[in-house]
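Structural characterization, general
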Amino acid sequence: MKTLIIYTSQTGFTKRYAEWLAERTNGDILDIKDAQKKDADYFENYDSICYGGWAMAGNIVKGKWFLEKAANWQNKRLAMFCVGGSPNDNPDVDVFLKNALTDEQKRYMKIFYCQGGFNYEKMKAPSRIAMKMFVSSLRKKKDATEEEKVMFAKMASSYDISDVKYIEPIVAYLEGEKYEKAV
Ligand SMILES: Cc1cc2nc3c(=O)[nH]c(=O)nc-3n(C[C@H](O)[C@H](O)[C@H](O)COP(=O)(O)O)c2cc1C
C-alpha cells in the first residue's frame, strides 16, 4: 500500500506532523506547492492520500483544494488533518471537525485534528499582527472562564503543544486492517 502525505505549513507544526506521518506510513511527502504542479497520473500511484493544513480562523488552509481533488479519488483511502493552536479538547475543535466535511464527503474521507502551537518568530508579518490583535481582543472578553483566561494568556507568546502521539488515529485509519476501498 502506498501513501502520500501533502501539507501546507507556515511556521512548521503541520510540516512536522506530515513528516511524522510519512515516516510512520513509509509514505511519500509533498509540500502543496509541489503537489499542485503534478498531473493527474501522478496521484494514481497512491492507495491512500492524506492532506494536512493549519487552522486559520476556523478553516483548514487550502482544504478546498484538497476536497476538490479528493472528489475524483474516491477509490482511495482519504484523510485530512488540521493543525491549530487550540488544544485537542477545545470544544471549538469538535465543532470544526463536525462541520468541515459535507455528509457526502464523510462517505469517503475522514478528518482529524492535531494540536500544534504558536510560533510568532516564524509567522509572516500579517499573521503575526492578526494574531496579536485577536489575542488582545480575547483578553478583553469579560465573561471568559478561568480556563479561557489561561489559554488567552498562553496565546500571547509562542508555545508548542504538538506531540507525535496525535498521529496515531490517522495512521490507524490510513493503514487500518479494516481497510476497504470506497466505491
Ligand atoms: C491568522 C491566524 C489565524 C489562526 N486561527 C486559528 C484557529 O481558528 N484555530 C486554531 O486552533 N488555531 C489558529 N491559528 C493558529 C495556527 O493554526 C497554529 O499556529 C498552527 O500550529 C500553525 O501551523 P503551521 O506551523 O503548520 O503553520 C491561527 C493562526 C493565525 C496566524
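Residues numbered from 1 in each chain as written. Predicted model: local features only at pLDDT ≥ 70, side-chain atom pairs only at ≥ 80, totals over all residues.

Digging into the overall build of the protein
Tallying secondary structure elements over the protein gives 9 helices and 8 strands in all. In terms of C-alpha radius of gyration, the protein reaches 17 Å, essentially the compact-globule figure of 16 Å for 183 residues. Each principal axis of the C-alpha atoms in the protein carries an extent, and together these give about 50 × 30 × 25 Å. By the burial criterion, 30% of the 183 residues in the protein qualify as buried. Taking contacts inside the protein between residues at least 6 apart in sequence as the whole, the part at least 24 apart equals 77%. (Helix = DSSP H or I, 4+ residues; strand = E, 2+ residues; numbered from the N terminus. Rg over C-alpha atoms; globule rule 2.2 N^0.38 Å. Buried ≥ 20, exposed ≤ 12 C-beta atoms within 10 Å, placed from the backbone. Contact = placed C-beta atoms within 7 Å.)

Remarks on the environment of Ala-40
Relative to the helices and strands, Ala-40 resides in helix H3 (residues 40-44). Assessed through the 9 C-beta atoms surrounding it within 10 Å, Ala-40 is described here as exposed. With 32 residues separating them along the chain, Ala-40 and Asn-72 place their C-alpha atoms 9.8 Å apart.

Quick word on the domain arrangement of the protein
Along its sequence, the protein is organised into domain 1 (3-117 + 159-174) and domain 2 (120-157). Here the C-alpha centre of domain 2 lies 25 Å away from the C-alpha centre of domain 1. Taken residue by residue, the interface counts 5 residues in domain 1 and 7 residues in domain 2. Here the residues of the side of domain 1 that touches domain 2 sort into 1 nonpolar, 4 polar and no charged. (Domains from an automatic or database assignment. Nonpolar A, V, L, I, M, F, W, Y, C, P; charged D, E, K, R; others polar.)

Concerning the environment of Asn-45
Relative to the helices and strands, Asn-45 resides in the loop between H3 and strand S3 (48-56). Considering only alpha carbons, one finds Asn-45 and Leu-4, 41 residues apart in sequence, at a separation of 9.2 Å.

Considerations on the pairing of strand S1 (residues 3-7)
Of all the 5 residues making up S1, 5 are buried; the element is thus mostly covered by neighbouring parts of the structure. Of the two faces of S1, the one lined by Thr-3, Ile-5 and Tyr-7 and the one lined by Leu-4 and Ile-6 are each fully buried. Pairing of S1 with S3 involves 5 bridges; the strand directions are parallel. Along S3, the bridge assignment pairs Leu-4 with Ile-49. In this region the chain leaves S1, passes through helix H1 (residues 13-25) and returns to the parallel neighbour strand S2 (residues 28-31); the handedness of that crossover is right-handed. (Pairing = 2+ DSSP bridges. Right-handed = clockwise from strand over helix to strand, strands pointing away.)

Overview of the nonpolar core
Core analysis: the biggest nonpolar cluster contains 34 residues, and Tyr-17, Cys-50, Ala-79, Met-80 and Phe-81 have the highest contact counts within it. The set of elements that each furnish at least two residues to this core consists of S1, H1, S3, helix H4 (63-70), strand S5 (77-84), strand S6 (109-115) and helix H9 (168-174). Sequence-distant contacts of Phe-81, defined by excluding residues within four places in its chain, comprise Tyr-17, Cys-50, Gly-52, Phe-112, Tyr-113, Cys-114 and Ile-170. (Core = buried A, V, L, I, M, F, W, Y, C linked by C-beta atoms within 7 Å.)

Quick word on the site of the ligand
By nearness alone, 23 residues border the ligand, and Ser-9, Thr-14, Trp-54, Gly-84 and Gly-116 come closest of all. For the shell around the ligand, the elements supplying multiple residues, two or more each, are H1, S3, S5, strand S7 (117-118) and helix H7 (125-139). Of the residues contributing to the shell around the ligand, the split by class is 10 nonpolar, 12 polar and 1 charged. Both domains that furnish three or more residues to the shell around the ligand are identified here as domain 1 (3-117 + 159-174) and domain 2 (120-157). (Near = placed C-beta within 6 Å.)

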